[in-house]
Amino acid sequence: MSAGAPLLDVTGLAAGYGPIEVLHGLDFQVAAGEIVVILGANGAGKTTTMRALSGLIPRRGQATFAGSALSTRPDAVLRAGIAHVPQGRGTFTDLTVEENLMCGAFIRKGSVDDDLAHWFSVFPRLEERRDQRAGSLSGGEQQMLAIARAMMSRPKLLLCDEPSLGLAPLITKELFEVLEQASRSDGLALLIVEQNANLALAIADRAYVLETGRIVAQGTGAELLADDTVKQAYLGVG
Ligand code: ATP
């Protein structure tokens with residue numbers, strides 16, 4: 001990768017379900033260590049964007065990651081360094097907390113004990129429940145588990161789909177602090193889909209606004225907050 005090139009560079013991303021095209025050609029970038037947010041109303045295509053990037057649904061267009069063409073196969077995307085925390089968390093409910101975390105590390109070679117200890121220190125509630133089935137955890141704990149599981153693969157880029165969905169404000173704040181910390185201190189790049197725009201823009205370096213499968217605005221949080229149309233339509237203010 002040449003100096004200054006984005007970590008993820010996407011051009012003309014198109015994707016959908018069967019014959020229905022949902023994304024109509026998106027161009028966006030994420031730099032190494034950058035926090036980028038995708039905002040948009042229900043049905044705009046935010047989740048579809050995440051699925052297309054991680055190879056869960058077919059996509060068209062160009063995508064390069066760390067200087068190489070991004071595969072369309074989920075396992076290859078993960079091995080390239082992109083982990084996905086899906087909407088609804090996607091934890092394996094019949095497995096224990098620890099087993100879920102070990103699943104997240106399946107692409108790694110050698111011991112992952114240090115990572116396990118690290119994520120248990122970040123989320124002590126997961127350590128207390130390490131032998132419990134994931135299905136018995138609260139929504140907030142399951143979201144912690146989903147994030148920690150994805151981080152066990154040591155990604156360069158974490159795709160995080162609506163981490164705040166259905167969670168109490170205090171838990172949401174804690175999760176956003178953990179994500180921001182992982183980015184600022186460990187250089188993790190984050191692409192976060194969020195309906196809670198004010199929350200997301202508070203930690204974002206940049207954001208894109210998606211509307212019916214097209215990017216209609218982009219900029220820093222401050223720039224978007226200065227745009228009256230964006231403010232009224234997506235930020236619940238103005
Ligand atoms: P939300 O915040 O409600 O999740 P979103 O911006 O993430 O919204 P998507 O979930 O990407 O939106 O959905 C975009 C469009 O694709 C919607 O019209 C939706 O009905 C459609 N869609 C989503 N998933 C499927 C699917 N599995 N099969 C067919 N259509 C789908």
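What you are looking at is a predicted structure, and each value in this text was computed from that prediction instead of being measured. (Residues numbered from 1 in each chain as written. Predicted model: local features only at pLDDT ≥ 70, side-chain atom pairs only at ≥ 80, totals over all residues. Heavy atoms only, no water.)

### Details of the overall build of the protein
Reasoning step 1: Helix and strand counts for the protein come out as 10 helices and 10 strands.
Reasoning step 2: For 238 residues, the compact-globule estimate of 2.2 N^0.38 gives 18 Å, and the protein sits close to it at 17 Å.
Reasoning step 3: With the C-alpha coordinates of the protein rotated into their principal frame, the extents come out at 50 × 40 × 40 Å.
Reasoning step 4: Within the protein, buried positions represent 50% of all 238 residues.
Reasoning step 5: About 10800 Å² of surface is accessible on the protein, with carbon and sulfur atoms providing 51% of the total. (Helix = DSSP H or I, 4+ residues; strand = E, 2+ residues; numbered from the N terminus. Rg over C-alpha atoms; globule rule 2.2 N^0.38 Å. Buried < 20%, exposed > 50% of the residue type's maximum accessible area, 1.4 Å probe, protein only. Areas by Shrake-Rupley, 256 points an atom, 1.4 Å probe, with all protein chains shown as cover.)

### Some points on the confidence of the model for the protein
Reasoning step 1: Mean pLDDT over the protein stands at 92; residues scoring 70 or higher make up 97%.
Reasoning step 2: Of all secondary-structure elements in the protein, the lowest mean pLDDT belongs to helix 10 (residues 228–234), at 75, while strand 1 (residues 8–17) reaches the highest, 98. (pLDDT = per-residue confidence, 0-100.)

### Section: unusual backbone geometry
Reasoning step 1: Positive phi values are uncommon outside glycine, yet R89 reaches one of about 80 degrees.
Reasoning step 2: Assignment of secondary structure puts R89 in the loop between strand 6 (82–85) and helix 3 (97–104).
Reasoning step 3: For R89, a relative accessible area of 14% gives the class buried.
Reasoning step 4: The phi angle at T212 is positive, at roughly 35 degrees, despite the residue not being glycine.
Reasoning step 5: Inspection of the secondary structure assignment puts T212 in the loop between strand 9 (206–211) and strand 10 (214–219).

### Observations regarding the nonpolar core
Reasoning step 1: Ranked by internal contacts, the top residues of the largest apolar core, which has 49 residues, are L101, F123, L126, L158 and I192.
Reasoning step 2: Here this core takes 7 residues from helix 6 (residues 139–151), the largest share from any one element.
Reasoning step 3: Residue contacts for F123: discarding those within four places in its chain leaves M144, A148, E174, L175 and V178.
Reasoning step 4: Formed by 29 residues, the second largest nonpolar core is a distinct cluster that contains V36, A52, L53 and V193. (Core = buried A, V, L, I, M, F, W, Y, C linked by side-chain atoms within 4.5 Å. Contact = heavy atoms within 4.5 Å.)

### A look at the packing of aromatic side chains
For any pair of aromatic rings, geometry is given as the distance between the ring centres together with the angle between the planes.
Reasoning step 1: This structure, assessed with the given rule, holds 2 aromatic pairs.
Reasoning step 2: With centroids separated by 6.0 Å and ring planes inclined at 65 degrees, the aromatic side chains of F28 and Y208 adopt a geometry described as edge-to-face. In this pair, F28 is assigned in strand 2 (residues 20–30) and Y208 in strand 9, connecting sequence segments 180 residues apart.
Reasoning step 3: The exposure class of Y208 is buried, given its relative accessible area of 2%.
Reasoning step 4: The positively charged end of R149 is found above the aromatic ring belonging to F92, 4.9 Å away from the centroid. (Phe/Tyr/Trp six-rings, centres within 6.5 Å; stacked < 30°, edge-to-face > 60°. Lys NZ or Arg CZ within 6 Å of the ring centre and 35° of its normal.)

### Re the pattern of salt bridges
Reasoning step 1: In total, this model carries 14 salt bridges according to the counting rule given.
Reasoning step 2: The salt bridge involving E34 is made with R206; its shortest N-O contact spans 2.7 Å. A residue pair is termed long-range when its members are at least 10 positions apart, and E34 in the loop between strand 2 and strand 3 (35–39) and R206 in strand 9 qualify at 172 residues.
Reasoning step 3: Here E141 ties to R129 by a salt bridge, and the two come within 3.2 Å at their closest N and O atoms. Highlighted residues: E141 in helix 6 and R129 in the loop between helix 5 (124–128) and helix 6, separated in sequence by 12 residues. (Salt bridge = Lys/Arg side-chain N within 4 Å of Asp/Glu carboxyl O.)

### Re the pairing of strand 7 (residues 157–161)
Reasoning step 1: Strand 7 sits mainly inside the fold: 5 of its 5 residues count as buried.
Reasoning step 2: Alternating residues of strand 7 divide into L157, L159 and D161 and L158 and C160, and every residue in both groups is buried.
Reasoning step 3: By the bridge criterion, 4 bridges tie strand 6 to strand 7 in an arrangement that is parallel. Residue pairing for strand 7: A83 is matched across the bridge by L158.
Reasoning step 4: Note: strand 7 against strand 8 (residues 189–193), 5 bridges, orientation parallel. Residue pairing across strands places L157 opposite A189, the latter belonging to strand 8.
Reasoning step 5: Note that the unit made of strand 7, helix 7 (residues 169–186) and strand 8 has a crossover that is right-handed. (Pairing = 2+ DSSP bridges. Right-handed = clockwise from strand over helix to strand, strands pointing away.)

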